[in-house]
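What follows is the residue order along each chain.
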Amino acid sequence: MSAGVARGRLSEERKAWRRSHPHGFVAKPETAPDGSVNLMVWHCIIPGRAGTDWEGGNYPLTLYFTEDYPSKAPKCMFPKDFFHLNVYGSGMGWRPSITVRQLLVGIQDLLDQPNPASPADHEEYQLFVKDPAEYQRRVRQQAKKYPPLV
């Protein structure tokens, strides 16, 4: 897939996002000091869903797209030491050919509904299975680390 296809798709997604996006979410392509926009790197915020242990947090995520997008999914990177049993330190992949909006909403769902059949971190998996109260406490503690944007 050519670079033009990836960048064209991302440009269209940016326009669609600016017209309408889920409340509380942020997704912006990276801006260089000279003001140019890098459509291949997006800085995002995923709000914790109300009524869950993730509520109150605004979780930063960076999306790294390749020239093969949308055939190849972007790499999704939370901050180092992010606490979730399905988050790999090296980043997580996602299904290709979905939009940035679908991706971010899907990750918000995964935050509160982790998949124990596919753990990325042994310690977090063990807590989730053997000590759910401690797992939930750690999630709530992490929410305080990423307070709402003003």
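Everything below is about the structure printed above this text.
Note that this is a predicted model, so its numbers are computed, not measured.

**Let's talk about the packing of aromatic side chains**
Part 1: For the coordinates displayed, the defined rule picks out ten aromatic pairs.
Part 2: With a centroid separation of 5.8 Å and an interplanar angle of 85°, the aromatic rings of Tyr59 and Phe82 are classed as edge-to-face. Here Tyr59, found in strand β3 (residues 58-64), pairs with Phe82, found in the loop between β4 (75-77) and α2 (100-112); they are 23 residues apart in sequence, far enough to count as distant.
Part 3: The buried category is assigned to Phe82, whose relative accessible area is 5%.
Part 4: A centroid spacing of 5.1 Å and a plane angle of 45° characterise the contact between Phe83 and Tyr135, whose relative ring orientation is tilted. Linking Phe83 in the loop between β4 and α2 with Tyr135 in helix α4 (residues 132-145), this pair joins segments that are 52 residues apart in sequence.

**Side note on α2**
Part 1: Taking 1.5 Å of rise per residue, 13 residues should cover 18 Å, and α2 covers 19 Å from first to last C-alpha, within 8% of that figure.
Part 2: Among all positions of α2, only Val100, Leu103, Leu104, Gly106, Ile107, Gln108, Leu110 and Leu111 are buried.

**Regarding the environment of Asn115**
Part 1: Position of Asn115 relative to the elements: it lies in the loop between α2 and α3 (122-130).
Part 2: Look at Asn115 and you get partly exposed, because its relative accessible area is 35%.
Part 3: For Asn115 and Asn86, which are 29 residues apart along the polypeptide, the C-alpha to C-alpha distance reads 6.8 Å.
Part 4: The contacts of Asn115, once residues within four sequence positions are left out, are Leu85, Asn86 and Leu110.
Part 5: Separated by 3.0 Å, the side chain of Asn115 and the backbone nitrogen of Ala117 make a polar contact.

**What about the sheet that holds strand β2 (residues 37-47)?**
Part 1: If you trace the four strands from one edge of the open sheet to the other, you get β1-β2-β3-β4, paired in antiparallel fashion. In the strand order of this sheet, the two ends are held by β1 (26-31) and β4, each with one partner. Across this sheet, the average inter-strand angle for adjacent strands is 30°, counted without regard to direction.
Part 2: Contacts from α2 reach β1, β2, β3 and β4 within the one sheet, and its direction differs from that of β2 by about 35°.

**A word on the environment of Gly91**
Part 1: Structurally, the position occupied by Gly91 is in the loop between β4 and α2.
Part 2: What Gly91 contacts, discounting residues up to four positions off in sequence, is Lys75, Cys76 and Met77.

So, how was this worked out
- Residues numbered from 1 in each chain as written.
- Predicted model: local features only at pLDDT ≥ 70, side-chain atom pairs only at ≥ 80, totals over all residues.
- Heavy atoms only, no water.
- Phe/Tyr/Trp six-rings, centres within 6.5 Å; stacked < 30°, edge-to-face > 60°.
- Helix = DSSP H or I, 4+ residues; strand = E, 2+ residues; numbered from the N terminus.
- Buried < 20%, exposed > 50% of the residue type's maximum accessible area, 1.4 Å probe, protein only.
- Expected span 1.5 Å × (residues − 1).
- Contact = heavy atoms within 4.5 Å.
- Polar contact = N/O pair within 3.5 Å; in protein donor to acceptor, adjacent residues only side chain to side chain.
- Pairing = 2+ DSSP bridges.
- Axes fitted to C-alpha atoms, helices over the stretch in contact; angles between N-to-C directions.

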